[in-house]
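# What the coordinates show
Here is what each chain is made of, one letter per residue.
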Amino acid sequence: MLLRIAYCDDEPENGRKMQEFISQLEVQTDIEFAFDYYISGIVLLENLENKPDYYDVVFLDMEMPQLNGIELAERIRGLVSGDVIISFLTSYPEYMQQSFGVQAFQYLLKPLSYESFKKEIIRTIDFLKKDDRSILVIAQSSGREVVLRLKNIIAIEKQKGNAVMEISLEKGVTIAKGNITDYEKILLENNFIRVSRNCIVNMRYIHSFFGHEIEMTNGKRVEMSRRKVTEIKEMFTKYLVLGDGKV
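Note that the structure is predicted; figures quoted are calculated from it, not measured.

Glancing now at the sheet that holds strand E11 (residues 192–196). The seven strands are arranged E7-E6-E10-E9-E8-E12-E11 in an open sheet whose pairing can be described as antiparallel. In this open sheet, the two edge strands, each paired with only one partner strand, are strand E7 (145–149) and E11. When strand polarity is set aside, the average angle formed by the axes of neighbouring strands in this sheet is 30°. With five bridges connecting them, strand E9 (residues 164–169) and strand E10 (residues 173–177) associate as antiparallel partners.

Attention shifts here to the environment of Leu 150. Inspection of the secondary structure assignment puts Leu 150 in the loop between E7 and strand E8 (153–158). Along the chain, Leu 150 and Ser 134 lie 16 residues apart, while their C-alpha atoms are 5.2 Å from each other. Excluding its chain neighbours within four sequence positions, the residues that come into contact with Leu 150 are Arg 133, Ser 134, Ile 135, Ile 186, Leu 187, Asn 190, Phe 192 and Asn 202.

This model, assessed by the stated rule, comprises ten salt bridges. Here Lys 220 ties to Glu 157 by a salt bridge, and the two come within 2.6 Å at their closest N and O atoms. Here Lys 220, found in the loop between strand E14 (213–216) and strand E15 (221–223), pairs with Glu 157, found in strand E8; they are 63 residues apart in sequence, far enough to count as distant. Neither Lys 220 nor Glu 157 differs from the other in exposure class; each is buried. Salt bridges here are not isolated pairs; linked through shared partners, they connect Asp 9, Asp 61 and Lys 110.

How each quantity is defined
Along each chain, residue indices are assigned from 1 in the same order as the chain's sequence is written. Where local features are concerned, this predicted model is filtered to residues with pLDDT of at least 70; where side-chain atom pairs are given and counted, the filter is 80 or more; whole-chain, interface and lining totals use all residues. Values shown for side chains rest on all heavy atoms present in the structure; no hydrogens or waters enter the calculation. Whether two strands pair comes down to DSSP finding at least two bridges between them. Numbering goes from the N terminus for both helices and strands, where a helix is a DSSP run of H or I of at least four residues and a strand is a run of E of at least two. Lines fitted to the C-alpha atoms define the axes, with helices restricted to the stretch that makes contact. Angles between their N-to-C directions range from 0 to 180 degrees. Between two residues, a contact is recorded if the distance between any of their heavy atoms is within 4.5 Å. Salt bridge, as used here, is a side-chain nitrogen of Lys or Arg placed within 4 Å of a carboxyl oxygen of Asp or Glu. Classification of residues uses two cut-offs on accessible area relative to the type maximum, computed with a 1.4 Å probe and protein chains only: under 20% is buried, over 50% is exposed, and between them is partly exposed.

The following block contains the structure:
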């Protein structure tokens, strides 16, 4: 498998260290890497304008001149498809909440060790392999079977009084026959979380929390069960840190 990685950090020593880690991984695994190091976020953006879907993974230092990690990630999200994985490296864990809106995959603390990096890459590859998982639903309007990729689903909500679901996608909405419980197992195994009796959301699209509501990256707001607010926030924090929404 070929994994294309970009790393942006204004400290060249960190770029050299990651290159060393990648060289070690190539010897120890059957993974091939294409690695590009950028000292400037502006240069990274210029290259992405020419080849927006080239990289599989982008690692960003949080604190940089010109553009910090969050600002750079927001610009990157405007250029590339939603498939690219963005992970942050920083010495300051308090920045974590700021990364909600850019769909951060991982949040790694500096100084980064080889074992931590190896674990992150292996987890990234596992994620990419299962990122094509789908569910099959029956569209209410046409009665046709429709395949929906899990990574494109933002939220699934049960409509009151009906065996009908409203499925919010990156692009548009699908109204389908059936119940959330029919799909709950596969969803919860793939970083979705049930936030109320009638709603399951994809944690990769959580933008922020407002009291008992969650705002998703598309602006949609869903209500959390009051008794589950603390549990949901804890699971989401674990997802950000470990990339795993399970407890």
